[in-house]
Amino acid sequence: MDIFFYTGRGLPPFISNSSFKALQLALPHFYSNQEIFDKISLPEYVGIQDSLSYLTIRDIMNPRCHVLGGAKPDSITVGIPNNQKITIEEYMSFVNKSKVDIAPSLSEEASLSCGNHRSKRSAKNAIVMLDSCLELKSPALKLLGNIQGGKDMESREFCAKEMKKRCVDGFVIGGIDLEESGAQLRRVVGAVYNGLSGDSRMIVLSGPGRPLDIVYAAQHGITFFESCWPFILAEKGKALDLPLVNFEDAENIEDMDFYEPELDLNDEKFAMQKGALVENCECLTCKQHHRGYIYHLLRVKEMGGNTLLAIHNSFVMKKLVEKLAKAKEEGKLGSVYADFVNKYCMGSFSTIN
Amino acid sequence: MEPRKRAKLAIKWPLKFTIEGRYHRARASTITLPHGEVQTPVYMPVGTKGAIKGVTFQQMRELGCQILLGNTYHLGNYPGTEVLDNFSGLHNFEGWDRNILTDSGGFQMVSLLKLAQITEEGVEFESPTDGSRMLLTPEESMRIQNSIGADIMMALDDVTNPLSTKERLEEACHRTTRWIDRCILAHNPSKPQNLFGIVQGGLDASLRDISLEGLISKNLPGYAIGGLAGGEAKEDFWKIVAHCTNKLPWEKPRYLMGVGYPIDLLVCSCLGVDMFDCVFATRTARFGQVFTKKGFLRLRPEEMKSDLSPLDESCNCPTCIKYTKSFLSSLLHKEQTACHLLSIHNIYFLFTLMREIREAILSGELEEYARNFVLEWFNGVENVPNWVKEALAEASITLN
């Protein structure tokens, strides 16, 4: 179980010396200069050869980076840099040449807000395109079936069931946009969970990777998570306020929306506050810096403030997934979502007044 | 005698300066300060508002940084002395446990001149952020620097562009000497701090002499050479540096303010300067320019698209170990983090340069080191400017 932290062009936002074990790389930023990958692998090129590299077809943090398909399941069009059309052959040639560790099969991205027609079409086409990708993949590549279907739960489940029959290395629940979170996303996770029913291969959840969604997905068999959420919060001057002590038992609360505890370091109340962002947090930011200092950096628009928040937020997310992995090992994943919500998201817990 | 003045007479500056080696005018030394030792010659990166742009203090520690700069004017505005006092000073506030040097705020007289009125009382600024007025007197500068708690404070000086009129330079020179007494009198620390005076006088050696005489008599723990790097001719620049280092006490550290070009650091170290600061290394990195042993290198995405070599083949910085010119140039103006990688390279380059100069002084090989560096930097003796040759000759170093 791990997180693929977001990078667009190979570097996580705000952090120039990351040591993340698993990272995303967004295809559109490397596609036009692919000749270079005849000489050097993509992970080496971006300096992450010691980490697990995971290719994404879109750049989730770039609003222009839509991934569209058509009636024929033979190509997609990626919004950046300039509505680039990519066929299955071209895509697999790039993927094989770039030598990334993991890549999804080619598919259009049908988000949870797209219409019924596109939702259904995306699922059917994703299956056909997966078969073509499988024929072209190099042995070293871990190819994931790209489960589409938009907001149509039947299509999602159907797509998952069909892909489960294929000789793929795992699956990715695709088509989750940056702003998508909460109950509808949990229903998609549930549909895919039913479709894959106990499959032991790796399953990746695409999208922003917010803590609640990750916890819910982990309880439903997902083992890897895309996440750009630590950096989005850091950009806004916010810190995740999750001390991550033991979870507690609770009732099923899957259909409700909850507050994810955050500290807004832009608030003047932090100006004089000493101490870590989150008490007992072991991240570099919390061990070495005061809340008041981070408030100051944000106040004078020094990017160091965002950097320290990104370090904290990504550390918290890593710890969260470690906790989930441990709970899985101990067979305690069954109520983890409810436990998490009760512990952190009911507004009862706050380190700051 | 009132108690406050008795205390002033008893000032014992918490600085130990040990010269460990020399090569004619150049020195390799250790400055022992309240937050540890600083090996010289040293380049001090600038953290204007309490942070080095894009580089964490953890990264600065890993790069071997022993002393950083903070800017009194900016820190006095934000976070302000109330916050700094609440956190018992800047070290604790920003989480930096090594040494800090703060300027006096006087530099803003030049950089924000349109917003400033200079009188005998001090300098009145208009805040560029909210338009409020701030009077920076020697007493106010010391009050802020005492709150910051820097290991080395700079006395408020009347900074003028070296190309100003003789009358203005003379005024600045005398005023700086008068202000040093007010700084010493106002110094009221809650922790051990040192005060350096700043030699002014523009490009006029006789004015510099007046300034030198006035400051040296105060028996301060160290001295800075100010008022240079303001667009003057290099021939004038090095001569004033040489003039000052010649007359400053041998047994005290000398700090050349605002100078950070690699070749200037080398030449002035040879002339006997111990400490340097400049924002150039990080500022130029943000525009995609880096230092290499062969001179400046500007990243050009189209030209470097297929270039898989590092920024500098001989560099072992975290950026050069991991990344190629092709990758870094592809990120330019698209990913801010790329600028930070370039900043790290430039800071590392200057740290390495200073360490190598120090080692060359200690091993008696400064002439050979300086010659190799200069010839590589300028790509051959025929391209070396006369001022470099003359300045190095003054330091008993020839290029042939």
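Residues numbered from 1 in each chain as written. Chains lettered and ligands numbered in written order. Predicted model: local features only at pLDDT ≥ 70, side-chain atom pairs only at ≥ 80, totals over all residues. Heavy atoms only, no water.

**Points about the overall build of chain A**
Here's step 1: What chain A contains, in helices and strands, is eleven helices and 13 strands.
Here's step 2: For chain A, the spread of C-alpha atoms along the principal axes amounts to about 60 × 45 × 35 Å.
Here's step 3: Residues classed as buried in chain A amount to 62% of the 353 residues present.
Here's step 4: When contacts within chain A are restricted to residue pairs at least 6 apart in sequence, those whose partners lie at least 24 apart make up 72%.
Here's step 5: Surface summary for chain A: the accessible area is close to 13600 Å², and the carbon and sulfur share equals 47%. (Helix = DSSP H or I, 4+ residues; strand = E, 2+ residues; numbered from the N terminus. Buried < 20%, exposed > 50% of the residue type's maximum accessible area, 1.4 Å probe, protein only. Contact = heavy atoms within 4.5 Å. Areas by Shrake-Rupley, 256 points an atom, 1.4 Å probe, with all protein chains shown as cover.)

**Comments concerning the sheet that holds strand β7 (residues 116–118) of chain B**
Residue and element names in this part refer to chain B.
Here's step 1: One open sheet accounts for three strands, arranged β7-β8-β9; its pairing is antiparallel. Because the sheet does not close on itself, it has two edges, and the strands there are β7 and β9 (133–136). On average, each strand axis in the sheet is inclined to that of its neighbour by 15°, with strand direction left out of account.
Here's step 2: In this sheet, strand β8 (residues 123–126) lies alongside β7 in antiparallel orientation, the contact comprising three bridges. When the bridges of β8 are listed, alanine 116 appears paired with phenylalanine 125. (Pairing = 2+ DSSP bridges. Axes fitted to C-alpha atoms, helices over the stretch in contact; angles between N-to-C directions.)

**A look at the packing of aromatic side chains**
Here's step 1: Applying the stated criterion across every chain yields a total of 27 aromatic pairs over all chains.
Here's step 2: Seen in terms of ring centroids, phenylalanine 4 of chain A and tyrosine 54 of chain A are 4.4 Å apart; in terms of plane orientation they differ by 15°. Their pairing is stacked. Of this pair, phenylalanine 4 of chain A sits in strand β1 (residues 2–5) while tyrosine 54 of chain A sits in strand β3 (residues 52–56); the two residues are 50 residues apart in sequence, bridging distant segments of the chain.
Here's step 3: For phenylalanine 4 of chain A, a relative accessible area of 0% puts it in the buried group.
Here's step 4: With a centroid separation of 6.4 Å and 25° between ring planes, the pair formed by tyrosine 293 of chain A and phenylalanine 57 of chain B is classed as stacked. Within this pair, whereas tyrosine 293 of chain A is found in helix α9 (residues 291–299), its partner phenylalanine 57 of chain B is found in helix α2 (residues 57–62), the two belonging to separate chains.
Here's step 5: For phenylalanine 57 of chain B, a relative accessible area of 4% gives the class buried. (Phe/Tyr/Trp six-rings, centres within 6.5 Å; stacked < 30°, edge-to-face > 60°.)

**Overview of the domain arrangement of chain B**
Where interface size is quoted, it is often the accessible area lost as the parts come together.
Residue and element names in this part refer to chain B.
Here's step 1: Each domain of chain B was delimited in the assignment, giving domain 1 (14–278) and domain 2 (287–384).
Here's step 2: Relative to domain 2, the C-alpha centre of domain 1 lies at a distance of 27 Å.
Here's step 3: On the side of domain 2, 26 residues touch domain 1, which itself brings 33 residues to the contact.
Here's step 4: Between domain 1 and domain 2, the buried area comes to about 2300 Å², and carbon and sulfur atoms account for 83% of it.
Here's step 5: Among the residues of domain 1 in contact with domain 2, Tyr23, Leu63 and Pro262 are the three that bury the most area, contributing 29% of the side total.
Here's step 6: For the interface between domain 1 and domain 2, the tally reads one salt bridge.
Here's step 7: Measuring nitrogen to oxygen at the nearest pair gives 2.8 Å for the salt bridge that ties glutamate 20 to arginine 358. (Domains from an automatic or database assignment. Buried area = accessible area lost by both parts, 1.4 Å probe. Salt bridge = Lys/Arg side-chain N within 4 Å of Asp/Glu carboxyl O.)

**So, the interface of chain A and chain B**
Here's step 1: Listed as interface residues are 38 residues of chain A and, on the opposing side, 38 residues of chain B.
Here's step 2: Both sides together, the interface formed by chain A and chain B hides about 3300 Å², and carbon and sulfur atoms give 58% of it.
Here's step 3: Taken together, the links from chain A to chain B amount to two salt bridges.
Here's step 4: Note that glutamate 335 of chain B is salt-bridged to arginine 9 of chain A, the shortest N-O span being 3.2 Å.

**Quick look at the UniProt feature "binding site: substrate" (unreviewed entry) in chain B**
Residues and elements named next belong to chain B.
Here's step 1: Mapped onto this numbering, the UniProt entry annotates "binding site: substrate" (unreviewed entry) at Asp103, Ser104, Gly105, Gly106, Phe107, Asp157, Gln200 and Gly227.
Here's step 2: Relative to the helices and strands, serine 104 resides in the loop between β6 (99–102) and α6 (108–111).
Here's step 3: Apart from the residues lying within four places of it in its own chain, the contact partners of serine 104 are Thr72, Leu136, Ser141, Gln145, Met154, Ala155, Leu156 and Asp157.
Here's step 4: Along the chain, glycine 106 turns up in the loop between β6 and α6.
Here's step 5: With residues near it in sequence (within four places) discarded, glycine 106 still touches Leu136, Leu156, Asp157 and Val159. (UniProt positions renumbered as here; feature names shortened; annotations may be inferred.)

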